[in-house]
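Here is what each chain is made of, one letter per residue.
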Amino acid sequence: MAPPVNAGAQRLRLYRLWRTAAVLCALGAVEIGVLAWQRQRPVIALACLPLAALAAYGARRASALRQVL
Amino acid sequence: MPEHRPVTLYRTGLALWCSLLAAACSTQPSSSIAGPVPRPAPAAAPPKPAEAKPAQPQAPRAESMRAFALPVWGAFDSAVARGTRTRTGEPGPAYWQQRAEYHMEAELNQVSKRLNGHGTVTYHNNSPDTLPTIYIQAYGNLFAPEAKRNTPVLAALGGIIFTKVAVEGRSLDSSAFGAGWTVSGTIMALRLPKPLLPGASVELEFAWNLRIPPDGPRGGQDRETYVLSYWYPQVAVYDDVNGWQIDPYLGNAEFYMGYGDYDVAVTVPEGWLVASTGTLQNPDEVLGDSTRARLARARAGGVLVGVVGEGDRGAGKATMKGKNGKLTWRFKAENVRDVTWATSNLYLWDATTAPVGIRGGSSMPDTTMIYSFYRPDQRRSGWGESAPYAARSIAIFSRVLWPYPYPHMTVVDGPASCGGMEYPMMTCIGGDWTERSLFDVEAHEIAHMWFPMQVGSDEKRYAWMDEGMAQYFQSVAIEAQFPDADDVGENRRNYVGAVRYGKETEMMRNGDKYPDYNAYGIASYFKPATVLVALGGIIGDSTLMRGLREYGTRWSGRHPMPSDFWNTMNTVSGQDLDWFWRTWYYETWKLDQAIDDVVRANEDTLVITVENKGRAPMPVLLVARGARGSTTSLMVPADVWFQGEKKVSVRMAVPDDFTRVEIDPAQRFPDADRSNQAWPRR
């Protein structure tokens, strides 16, 4: 049987997925944060929290995957 | 209220967003992620062994040489005692092997997608044992609704339905008692009316039918092509070490097949081309005149011939016209472990030849036929090059191993689930490929024509014995064809990635007992290929290749066990490598050698302390470099680690302009952490 799908390529794809998720979530969190600051509405900043958490998680997963690429 | 500047804010944000998105989704990895890795250096004169001593007195440890000995394998030891196996890796003087002769007829119904078969098997009991029961592999039962599976199938439409089972002309019933037969999963137990005595033969007769699975694992049909693999009842292997091997076919692990002679007649609609294991016996009855003429031109050698083009297909052109719209193709194959055939009315047929060297007692270099059958739309996947690619791989392996023994090598385009699957003289390749990846998969499958088609190991219990070999020789072919390729490095990175991820499983494990397919892939493909490269770094590449050739020559057409491979390599290399086999085949010990300290003893000598941070004992290949490019090297033998030492210090002569010392710069050994292998640190 042919060798399984290249494990290295799979890891690279997963790494890019988490990296993209981390970047986009961080960007979203910053943008909402800026909006909250501009409008002086701290309640808007609450929306940053899940995005920031997801960005941190994604960055952690991407970092772990990068170690094994 | 603060002043709002939404337009500026959003313009800036948009630009930032887009640039980050583009960076994040970039298809090119940054150099720090997937930078070029040096390929293993070609064989070099082994560096002088070093005198090494532990860095500091070591307390007695639990580990000792016994930790590196091979586990006791009682069944193999008994086989050695009986004289069927040896400690030197050759078959023993009392080695025996069962044999069977198959005469089968099958008819394809492309409308109902069913196959009706009938055949006889003459089974010769060459063993010293009396056999009251013969076990039959009914692989097609993988598709029975109630079958146990560890691989998903597209549809469980039914397995093999036996309509007749007879022994010596006497029909037997499906019954649990007395003479008769029972089927459990993919295994039929056929209890004989009279036990089969040593040296005796018995004739078995079967009639069966099966629904051809839609794109099942390793064959089936996709409405356009039909790849008939595992389509008939096959006698299970009864060998001298384990007796009957009747592990069920669950889908993931592959096969263990006995050798035999096959005489097969397959009936298909007229106009359909048939590719099969074996030699076509009746070309005049089935092939059209122009097809035979073009085939003869291809046989003359050297050129790629389109035997059947798009305009040539159909009855009365590519094939003869048949009675009732059907044609019967007859094939014979000798001393093979299986027969597979493929058919379609859409196939194009390319043919050429490949040099195989001197074979079969001839004094002149010989060639073998290369056939490629594919649908026209597969040209976009590089199939126009498939025959020359196959010829290239056959030529390479015939040169580095031994001459390809079969009359042809056929590559067929089949259902996607084929992926790349090997059968004697044939491979089915399904799915989308590029010209480059098609070469890779063909090289892998063609390497299987040596392992396990000729060297008939048990793929189910020891998948590394065929997949690991094929993966190793795939790299040989790829790097011969594409000098810039680094397939060896790709194997190593896949294996080391699993090690660093903690996802490794040992190689000596039944192929159906891995936790997941990735673990099976690492242990059966990437690790064994990487380990052979490492072995070449210890015993030398030429000795490695000599050992592989010797192993193949000894066990061609036979059933080697892992110990036969290891014992052969020990004998050919003149070394006791049991520590190596234990480390890499039975264990998941990590290799992590690090330079712990470097002290200058005098002008041109260093005292280098090497730490073994993993558990795998391996030689330490030290290379010191000077500013003007001069190098010195030193090999510290693996046995410095055998008493459990974690650090050793060695004295090493270095160039006058010494700048750097490094462990294994060519990466022959699969070290899990390259960041601690150089001094000074990068």
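Above this text you will find the structure in question.
First, a word on what this report is: a plain description of the structure on this page.

Calculation criteria
Residues numbered from 1 in each chain as written. Chains lettered and ligands numbered in written order. Predicted model: local features only at pLDDT ≥ 70, side-chain atom pairs only at ≥ 80, totals over all residues. Heavy atoms only, no water. Helix = DSSP H or I, 4+ residues; strand = E, 2+ residues; numbered from the N terminus. Buried < 20%, exposed > 50% of the residue type's maximum accessible area, 1.4 Å probe, protein only. Salt bridge = Lys/Arg side-chain N within 4 Å of Asp/Glu carboxyl O. Disulfide = S-S within 2.5 Å.

### Here's the deal with unusual backbone geometry
Residues and elements named next belong to chain B. Looking along the chain, the bond that leaves Phe451 and enters Pro452 is cis, with omega of 15 degrees. Tracing the backbone shows Pro452 in the loop between helix H7 (435–447) and helix H8 (467–481). Notably, Tyr230 is not glycine yet its phi reads approximately 55 degrees, a positive angle. Here Tyr230 falls in the buried class, since its relative accessible area comes to 6%. The phi dihedral of Met425 is positive, around 65 degrees, even though this residue is not glycine. One can find Met425 in the loop between strand S24 (420–423) and strand S25 (426–430). Its relative accessible area of 2% is what places Met425 among the buried residues.

### Structural notes on the pattern of salt bridges
Two side chains carrying opposite charge are able to pair once their charged atoms lie near each other. Residues and elements named next belong to chain B. Scanning the entire structure with this criterion turns up 31 salt bridges over all chains. The partner of Arg99 in a salt bridge is Asp261, and the shortest N-O contact between them spans 2.9 Å. Here Arg99 is found in strand S2 (residues 99–109), whereas its partner Asp261 is found in strand S15 (residues 260–269), with 162 residues between them in sequence. The exposure class assigned to Arg99 is partly exposed, which follows from its relative accessible area of 25%. Using a relative accessible area of 24% as the deciding quantity, one classes Asp261 as partly exposed. Glu490 is the salt-bridge partner of Arg493, the closest N and O atoms lying 3.4 Å from each other. Note that Arg493 and Glu490 are positioned in helix H9 (residues 487–501) at a spacing of three residues, about one turn of the helix. The class for Glu490 is partly exposed, based on a relative accessible area of 23%.

### Brief notes about the state of the cysteines
By the definition in use, this model includes one disulfide over all chains. Between the sulfur atoms of Cys418 of chain B and its disulfide partner Cys428 of chain B the distance amounts to 2.0 Å. Torsion about the S-S bond of the Cys418 of chain B and Cys428 of chain B cystine: about 90 degrees, corresponding to right-handed handedness. Highlighted residues: Cys418 of chain B in the loop between strand S23 (408–414) and S24 and Cys428 of chain B in strand S25, separated in sequence by ten residues. The exposure class of Cys428 of chain B is buried, given its relative accessible area of 0%. No disulfide involves Cys48 of chain A; its nearest neighbouring cysteine sulfur is the one of Cys25 of chain A, lying 12 Å away.

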